[in-house]
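Architecture at a glance
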Amino acid sequence: MGIAALVGTPIKRREDPRLITGQATYVDDIKLPGMLYMAVLRSPYGHARIRSINTEAAKQAPGVVAVYTAQDLKGVVGNIPVAAPLPPHITNGMGRRGPLAEGKVRFYGDPVAVVIAESRYGARDALDLIEVDYEPLPAVVDPEKAAQPDAPLLYEEFGTNVAASVRPPTDEIDRVFAETQANGGIVVKQRMVNQRLAPSPMETRGVVAEFRKADRTLTIWSSSQIPHLLRNYLAEQLGLPQHQVRVIVPEVGGGFGCKLNIYPEEALAAFAAMKTGHPVKWIEDRSENLAVTIHGRDQINYVEVAATREGKITGLKVHVVSDLGAYLQFFTDVIAIAFTLPMICGCYDIPVAYGSCDIVFTNKAPTDAYRGAGRPEAAYIAERAVDLVAHALGKDPAEVRMINFVKPEQFPHKMATGTVYDSGNYQLALEKAMQLIGYQQLRAEQAQKRAQGKLMGIGISSYVEICGIGPKGLTPFGLYESARVRVDQSGDVLIYTGASPHGQGEETTFAQIAADEFGIPIERVLVLHGDTDSTPEGRGTYGSRTTAVGGTAVYNAVQKLKEKMKQIAAHMLEASPADVTLEDGKFSVAGAPQKAVTFAEVAAAANFSNTLPPGIEPGLETTVFFEPEACTFPFGTHICVVEIDKDTGEVHLRRYVAVDDCGRQLNPLLVAGQIHGGIVQGVGQALFEGVVYDENGQLLTSTFMDYAMPLASELPPFELDHTVTPTPYNPLGVKGVGEAGTIAATPAVAGAVADALGLPHVDIPFTPERIWRIIQQQQAQPQA
Amino acid sequence: MIPATFEYHPASSVDEAIALLSQYGDDAKLLAGGHSLIPTMKLRLAQPAHLIDIGRIPGLSYIREEGNVVAVGALTTYATIERSEVLRRHFALLPECASVIGDPQVRNRGTIGGSISHADPSADMPGAVRALKAEIRVRGPNGERTVAADDFFLGTFTTALEPGEMVTEIRFPLPPARTGSAYTKLANKASHYAVAGCAAVVTLGADGACTAASVVITGAGTMPTRASAVEAALVGKQLNEATVAEAASHAAEGLELMEDIHGSKQYRAQMAAVMARRAILKAAERARG
Ligand SMILES: Cc1cc2nc3c(=O)[nH]c(=O)nc-3n(C[C@H](O)[C@H](O)[C@H](O)COP(=O)(O)OP(=O)(O)OC[C@H]3O[C@@H](n4cnc5c(N)ncnc54)[C@H](O)[C@@H]3O)c2cc1C
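Note that the coordinates shown come from a computational prediction; the quantities given were computed from them, not determined experimentally. (Residues numbered from 1 in each chain as written. Chains lettered and ligands numbered in written order. Predicted model: local features only at pLDDT ≥ 70, side-chain atom pairs only at ≥ 80, totals over all residues. Heavy atoms only, no water.)

1. Brief notes about the overall build of chain A
Put simply, the rule is: Strands here mean DSSP runs of E at least two residues long; helices mean DSSP runs of H or I at least four residues long; both are numbered from the N terminus. Between the two quantities, the radius of gyration covers C-alpha atoms and the globule rule is 2.2 Å times the number of residues to the power 0.38. Working definition: with a 1.4 Å probe on protein chains only, accessible area under 20% of the residue-type maximum means buried, over 50% means exposed, and in between means partly exposed. Throughout, a residue-residue contact means that at least one pair of heavy atoms, one from each residue, lies within 4.5 Å. Computed with a 1.4 Å probe, the accessible areas rest on the Shrake-Rupley method; for each residue, only the protein chains presented here act as cover. His is not counted, nor are the chain ends; Lys and Arg add positive charge and Asp and Glu add negative charge. We put the charge of a Lys on NZ, of an Arg on CZ, of an Asp on CG and of a Glu on CD.
A tally of regular secondary structure across chain A gives 20 helices and 28 strands. By the compact-globule yardstick of 28 Å for 784 residues, chain A fits well, its C-alpha radius of gyration being 28 Å. The dimensions of chain A, computed from C-alpha atoms along their principal axes, are 90 × 75 × 50 Å. Counting every position in chain A, which comprises 784 residues, the buried fraction comes to 64%. Within chain A, counting contacts between residues at least 6 apart in sequence, those at least 24 apart form 80% of the total. Here chain A displays about 27,600 Å² of accessible surface, and carbon together with sulfur accounts for 52% of that area. Averaging the coordinates of the 68 positive side-chain charges in chain A and doing the same for the 89 negative ones gives two points 1 Å apart.

2. Regarding the sheet that holds strand 2 (residues 48-54) of chain A
Keep this limit in mind: Any two strands with at least two DSSP bridges between them are considered paired.
Spatial strand order, 4-2-6 (chain A): 3 strands in an open sheet with antiparallel pairing. Every other strand in the sheet has two partners, leaving strand 4 (104-105) and strand 6 (131-136) of chain A as the edge strands with one partner each.

3. Topic: the site of the ligand
All names here are of chain B. Convention followed: Note on terminology: near, applied to a residue and a molecule or strand, indicates that one of the residue's heavy atoms is within 4 Å of it. Here a polar contact means two N or O atoms within 3.5 Å. Within protein one must be a hydrogen donor candidate and the other an acceptor candidate, and residues neighboring in sequence count only if both atoms are side-chain atoms. Gly is placed with the polar residues, together with every amino acid not listed as nonpolar (Ala, Val, Leu, Ile, Met, Phe, Trp, Tyr, Cys and Pro) or charged (Asp, Glu, Lys and Arg).
In the vicinity of the ligand, 30 residues are found, and the nearest of them are Leu30, Gly34, Tyr78, Thr111 and Asp124. Taking Tyr78, its side chain carries an N or O atom lying 2.6 Å from an oxygen atom of the ligand. One nitrogen or oxygen atom from the side chain of Asp124 is found 2.7 Å from a nitrogen atom belonging to the ligand. Considered on its own, the ligand offers 970 Å² of accessible surface; in the complex 90% of this is hidden by protein. The greatest single-element share of the shell around the ligand, amounting to 4 residues, is contributed by helix 7 (residues 112-118). A class-by-class count of the residues in the shell around the ligand yields 15 nonpolar, 12 polar and 3 charged.

4. A word on the packing of aromatic side chains
As a reminder, the rule being used: Under the pairing criterion, centres of Phe, Tyr and Trp rings, with the six-membered ring standing for Trp, must be within 6.5 Å; the plane angle then separates stacked pairs below 30 degrees from edge-to-face pairs above 60, leaving the rest tilted. Whether a charge lies above a ring is judged from NZ of Lys or CZ of Arg, which has to be within 6 Å of the ring centre and within 35 degrees of the ring normal.
Taken as a whole and assessed by the stated rule, the structure comprises 20 aromatic pairs over all chains. With 5.5 Å between their ring centres and 90° between their planes, A:Phe411 and A:Tyr426 make a pair best called edge-to-face. With a gap of 15 residues between them, A:Phe411 in the loop between helix 12 (397-404) and strand 16 (413-414) and A:Tyr426 in helix 13 (residues 426-437) connect regions that are remote in the sequence. Taken individually, A:Phe411 and A:Tyr426 each receive the classification buried, so the pair is uniform in this respect. Residues B:Phe91 and B:Phe172 carry aromatic rings whose centres are separated by 5.7 Å and whose planes lie at 50° to one another, so their mutual orientation is tilted. In this pair, B:Phe91 is assigned in the loop between helix 4 (85-90) and helix 5 (93-99) and B:Phe172 in strand 10 (residues 166-173), connecting sequence segments 81 residues apart. The class for B:Phe91 is buried, based on a relative accessible area of 1%. Through a chain of ring-to-ring contacts, three or more aromatic side chains come together here, namely A:Tyr348, A:Phe405, A:Phe411, A:Tyr426 and A:Phe635. The cationic tip of A:Lys317 hangs over the ring face of A:Tyr354; the distance from NZ or CZ to the ring centre is 5.8 Å. Sitting above the plane of the B:Tyr62 ring, B:Arg64 keeps its charged end 3.8 Å from the centroid.

5. A look at the UniProt feature "domain: FAD-binding PCMH-type" (unreviewed entry) in chain B
Cut-off, in case you're wondering: UniProt positions are given in the numbering used here, feature names are shortened, and annotations may be inferred rather than shown by experiment.
In the UniProt entry, the feature "domain: FAD-binding PCMH-type" (unreviewed entry) is given for residues 1-177 of chain B. The distance from the first to the last C-alpha atom of residues 1-177 of chain B is 50 Å, and the span holds 34% helix and 26% strand.

6. What about the sheet that holds strand 18 (residues 455-464) of chain A?
Residues and elements named next belong to chain A. Worth spelling out the cut-off: In this analysis an axis means a line fitted to C-alpha atoms, helices contributing only their contacting stretch, and an angle means the value between N-to-C directions, from 0 to 180 degrees.
An order of 18-26-27-28 is seen for the 4 strands of this open sheet, with the pairing classed as mixed. Each edge of the open sheet carries a strand with a single partner, namely strand 18 and strand 28 (718-722). If you compare each strand with its neighbour and ignore which way they point, the axes differ by 15° on average. Against the sheet, helix 13 makes contact with strand 18, strand 26 (635-644), strand 27 (651-661) and strand 28, and its axis sits at roughly 35° relative to strand 26, the strand it touches most.

7. Quick notes on the pattern of salt bridges
Residue and element names in this part refer to chain A. How we decide: Any Lys or Arg side-chain nitrogen found within 4 Å of a carboxyl oxygen on Asp or Glu counts as a salt bridge.
Within this structure, the stated rule accounts for 75 salt bridges over all chains. For Arg539, the salt bridge is made with Glu537, and the minimal N-O distance between the two is 3.0 Å. Here Glu537 falls in the partly exposed class, since its relative accessible area comes to 21%. One salt-bridge network, held together by shared partners, links Arg42, Arg205, Glu265, Glu284 and Glu288.

8. A look at empty space enclosed by the protein
All names here are of chain A. Just so we agree on the cut-off: Cavities and pockets were defined on a 1 Å grid built from protein atoms only: a cavity is a group of points that admits a 1.4 Å probe but offers it no way out, a pocket is an open group of points flanked by protein on both sides within 12 Å along at least five of seven lines, and a lining residue is one with an atom within 4 Å of any such point. Grid points are joined across faces, edges and corners, and a volume is the space filled by probe spheres set on the points.
If you walk through the whole model with that rule in mind, you get 5 cavities of 30 Å³ or more. Counted as a void, the largest cavity has a volume near 60 Å³. Taken together, Gly296, Arg297, Gln299, Ser322, Asp323, Thr332, Ile335, Thr367, Asp368 and Glu377 form the lining of the largest cavity. Counting residues per element, the ones that place at least two in the lining of the largest cavity are strand 13 (296-307) and strand 14 (313-325). For the lining of the largest cavity, the class distribution of residues is 1 nonpolar, 5 polar and 4 charged.

9. Observations concerning the side chain of A:Ser200
In this structure, A:Ser200 sits in the loop between strand 8 (186-197) and strand 9 (206-212). Accessibility expressed as a relative area gives 6% for A:Ser200, which makes it buried.

10. Here we look at the side chain of A:Glu650
Mapped onto the secondary structure, A:Glu650 falls in the loop between strand 26 and strand 27. Polar side-chain contacts of A:Glu650 include one of 2.7 Å to the side chain of B:Lys189. The contacts of A:Glu650, once residues within four sequence positions are left out, are A:Glu643, A:Ile644, A:Asp645, A:Pro768, B:Leu186 and B:Lys189.

11. Some points on the nonpolar core
All names here are of chain A. What counts here: For this analysis, a nonpolar core means a set of buried residues of the types Ala, Val, Leu, Ile, Met, Phe, Trp, Tyr and Cys, connected via side-chain atoms within 4.5 Å. Delimitation of the domains relies on an automatic or database domain assignment.
Counting 185 residues, the largest nonpolar core has Tyr656, Leu757 and Phe766 as the members making the most contacts within it. Both domains that meet at this core, namely domain 2 (31-137 + 202-254 + 259-292) and domain 3 (296-470 + 630-780), each give it at least three residues. Setting aside residues no more than four positions away along its own chain, Tyr656 makes contact with His638, Ile639, Cys640, Ile679, Val683, Pro716, Pro717, Phe718, Glu719, Ala744, Ala745 and Ala748. Counting 48 residues, the second largest nonpolar core, distinct from the first, contains Ala511, Ala514, Val527 and Val589.

12. Remarks on the interface of chain B and chain A
Accessible area lost on assembly of the parts is the figure often given for the size of an interface. With 26 residues of chain B in contact, the opposing surface of chain A contributes 29 residues. Where chain B touches chain A, the interface holds 6 salt bridges. We note a salt bridge from A:Asp647 to B:Arg278, for which the minimum N-O separation is 3.1 Å. The element contributing the most residues to the side of chain B that touches chain A is helix 12 (residues 265-288) of chain B, with 8 residues. Here the residues of the side of chain B that touches chain A are counted per class, giving 13 nonpolar, 9 polar and 4 charged.

See below:
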């Protein structure tokens, strides 16, 4: 091992200076000569037939170069890609769409036409000149109503809005519930709404497309999390060979999953660039972002949990209704099935678990992966279920958790869902969090406050999530990650990663890994990403996978180069490679430290080649792909304290403690940053956020005047601690931390509010009026 | 979020602004801090062909004591009001109200004149101006006139301003001794405008009983509305938790209630009472000194 190890130290992010001094380049900073601007005409209806579109007036408007509708794209541009179409309906085309609506619009904001003009203003003005004759149709925005036989149909030809229904036999779970009750145990039922959220990255989406007719090469700048997948699918959509499409992802101002997608505007800008011969730019505005970029969550969960009188859970039965919205985006159809159902047991060793699911189309924006992607819903189900049991039995929710945790010695552990967890120590994290927050004192304070008629609640969330995707078979395209590492003649190291960091900080952590392994200062390592022409085929950044999968690829590539450098050093030192070690940036012979060559000297020898031993190729460069054998399962416990203003129903978050275990921490500062941001988004779901449509499919939360984002001023300082339980599935021992805070926080706050009100369950979000109404009800009919 | 095309006219004096307003009539809008107008234009809810920028007119931003009146220029920003010692001394309610509007950026740009002219029913400042019984000085093509705040607000986004007129000054009469004032609001969690807000001013007699009360509700109704029933219930009473709560329970009387995803009519009515109770108690405490 090298000098002062960098891995594990809280060094500052190397990407920050350019970000905080305004020197970073985002898509909107790309300006090309002759560039045109695209504006998108969108449906004002939730559901309507398009009788006709008249674009003549718009085409005549000053500065307008072209106007396109679905008619122009027919046979030229393919459908929006879907990663894993489910049989039978989706494989038969249900929910699929081209970049512009044809015949019908199915949600508010559905793109209908585009204007290409010389200025952004001119493009926007011309939208008002396009005449669309709509015949409004009845809309359906509630997934349970949409599943009814008499519901308005989005896709008439399929005769239903239900895209898929998963219903395994219930015999076993029925038996467990009956037995539990026969033995004096309980079965608690609860319907829970996991509301629809708008990911709302600070930077909205944006695309610049440039097409060079001479060699038919297309360059796309996009604010994306998945440069290679975007290139591959876009090439297919446009009928271009992959090597003639280049995707560049410049700085990305937040993604949270909503940019893990291939949207209509990418193909539209590309099509317009190919037709006009000019570069075309489109920048999404905030209202478009709230209306048409994917939304997250939107599940209704029917939870039934059985337990003994002692609090041991014997069975869990969950039915998920997943609202897909109007169309399929990249992972829309598999969020509930692939990420919620396999994780419903949470950290608990539940002997029998049952999951069923209906995924349903409605007249709303498509849903897809939003920070956590199906796992926040699962954690919410599991944590609320444990709290339901505690409430029903009059037990402390911490105690019920302790009773049911999978024990440290049980790992790797196959859950009743079939999911195999790698490693964990759930009890330790809970104990640490309880100690940190002073759990027993808080309970005493709560009893006192209750006696005074004040509402104070404590909520616990012992979450576990699935990260590091992933092993073979999860998607048709494989979820490996890649790294190309080059040591140049001066001994500087370049790392090209196939992942696509966009705020997570891997330019720092990947450099830490390489610098440590090579024993060189971090300044000599540079991490590059986001250009499909220079980086090896990769899968991008999402699902808390980048360090576990992409970081391992870097680590493995570095090992390979180290081996080669040892051979070269051995030749230079006239020693056997087996005797050569690398330490502090020097190769030396074991037992004779004075006999040494520096890292830079070996790098120079390798690159200049004249002194290389026979059989050794010149150069120091390697590309490595890493596909993990299994997923990782980060976990932890968050505990928070809330107080409720009885007069207004406002929930005040007073304290928040988080103990997280993401395996080995490469950089505690970055881990804390991820946890902080994650908690804020999770608290946002519990207290503030929610996308609201009226029954006609009109979006009522189309600006930040109505969509409530969490503010720093509404949050307490977070108190963080951690435990370390490495994963055995990668050499770094890292699990993933990008989504942990979000997954943990919502159930923690939900538990605290239910606790404050003395109720088994209250649906999120805890808007003041909702809470106020509950308090009014409780005051009207005081409980015995 | 791209506004329609407009022509921009920087005005260098009030006279010039009024001349431009007369010239362009309904096609023109005054631009002060821009923090209500520009968002509306970006959503294309307003598409004025001409913007007359009064923000650069010198001498319209001030806070001056003039005998028994404190005069505040129309272009005075919330930030200036928030930090004003003079206002803090005489009308605690004004800096308090300014301090809960938006965020520092909004407070650095938004003006008192713009806020009252816009007359957003959920805005904070109109309630404060009304509760303090200010007089609003207005200039137009026919010269100058003064409108009492009680007569200024006519409805949602509607004021007594005639076409071609602009607000130049807001004049606050100095309160009698033993007067206290306060502003409270329940903020909409998205916009942070008022779901319900209350501006309260109370004067106490030597015996501690309330001799005068001015209570205005914002946010809950379609315009900032005087809560006359609350005022009547306060006068003559010793102000304590019980009397104030009783009086405040009348807060929604006479309100034309609003309703949206952030609050039903019923909730807004109740919150008007809660905010009134809190504001009056705070004002009374301040009156006692
Ligand atoms: C993010 C954000 C948050 C906000 N939060 C709040 C809040 O919590 N509470 C709140 O009350 N407000 C809030 N506001 C609105 C803010 O207070 C506005 O600044 C204010 O309402 C208008 O003042 P202005 O100077 O910006 O006026 P402008 O936007 O320039 O003008 C508003 C209207 O008044 C007219 N006008 C302006 N000045 C005059 C004048 N002197 N005479 C006649 N007509 C005139 C204009 O023509 C226009 O129609 C917020 C705004 C933003 C952008």
